[in-house]
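Structure assessment
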Amino acid sequence: MASPEVSDEDLVARFPGEPITHDNAAQYRGRLRRELLMNRCEDCGRWHAPAKPVCPDCWSWRVSAEPVSGDGEIYLAIFLHRGPDAPGVDYSTPYPVVTVELAEQEGLRFTSTVVGAGNDAIRIGAPVSLTWIDRAGVPLPVFELRDPR
Ligand SMILES: [Zn+2]
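Here is what the cut-offs are and how they apply
Residues numbered from 1 in each chain as written. Predicted model: local features only at pLDDT ≥ 70, side-chain atom pairs only at ≥ 80, totals over all residues. Heavy atoms only, no water. Salt bridge = Lys/Arg side-chain N within 4 Å of Asp/Glu carboxyl O. Helix = DSSP H or I, 4+ residues; strand = E, 2+ residues; numbered from the N terminus. Buried < 20%, exposed > 50% of the residue type's maximum accessible area, 1.4 Å probe, protein only. UniProt positions renumbered as here; feature names shortened; annotations may be inferred. Core = buried A, V, L, I, M, F, W, Y, C linked by side-chain atoms within 4.5 Å. Pairing = 2+ DSSP bridges.

The next subject is the pattern of salt bridges. Using the criterion set out here, one finds nine salt bridges in the structure. Two residues, Glu42 and Arg62, come together in a salt bridge whose shortest N-O distance is 3.5 Å. Note that Glu42 is positioned in the loop between strand E1 (37–41) and strand E2 (47–48) and Arg62 in the loop between E2 and strand E3 (63–67), a separation of 20 residues in sequence. Judged by relative accessible area, Glu42 falls into the partly exposed class, the value being 43%. Residue class for Arg62 comes out partly exposed when judged on its relative accessible area of 44%. In the salt-bridge network here, residues are joined through shared partners; they are Glu5, Asp8 and Arg29.

Put into structure tokens, the structure is as follows:
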């Protein structure tokens, strides 16, 4: 049974400072359920991110948010030594930011951080899985290494 949808006002209040729009609101609602959603075209089947109202491949308007597995490989990794104050972010380690190419489709990528691994173990091409942490009172999708060393 589907849980009642969070209102637009509640959604914006739960994610202060996040750029919530009509196009990506479903993704944020998914986060509250610990479900990583990406937009997918109902006509050609292609996934795309960031969320857009029209499929960039076939221009169909029949686009809907669907869950992805969250499995993938690290495509890009950067380590932040400085940045704006943010809850749960420690720049002294420094703080890792990774873009993961998701298993669903070549070029479908999601950017977050890695938990449970030292920065030396975070490498391009490393297989990762999705997991969730709580940050600032809401679930945050993050990645963990599938083969931690
Ligand atoms: Zn399409």
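The discussion continues.
Now for the UniProt feature "domain: ChsH2 C-terminal OB-fold" (unreviewed entry) in the protein. As recorded in UniProt, the feature "domain: ChsH2 C-terminal OB-fold" (unreviewed entry) lies at residues 66–132. Taken end to end, residues 66–132 is 0% helix and 43% strand, and its first and last C-alpha atoms sit 18 Å apart.

Turning our eyes to something else, we now look at the nonpolar core. Val68, Ile74, Val98, Val100, Val114, Phe143 and Leu145 are the most contacted members of the largest nonpolar core, which has 18 residues in total. Broken down by secondary-structure element, the contributors of at least two residues to this core are strand E5 (95–102), strand E7 (127–135) and strand E8 (138–145). Of all hydrophobic cores here, the second largest spans six residues; its members include Phe15, Ala25, Leu32 and Val138.

Attention now goes to the sheet that holds E2. Strand order across the open sheet formed by three strands is E2-E1-E3, with antiparallel pairing between neighbours. Of all strands in the sheet, those bounded by a partner on one side alone are E2 and E3. Alignment of E1 against E3, held across five bridges, turns out to be antiparallel. Across the sheet, residue Met38 finds its bridge partner in E3, namely Glu66.

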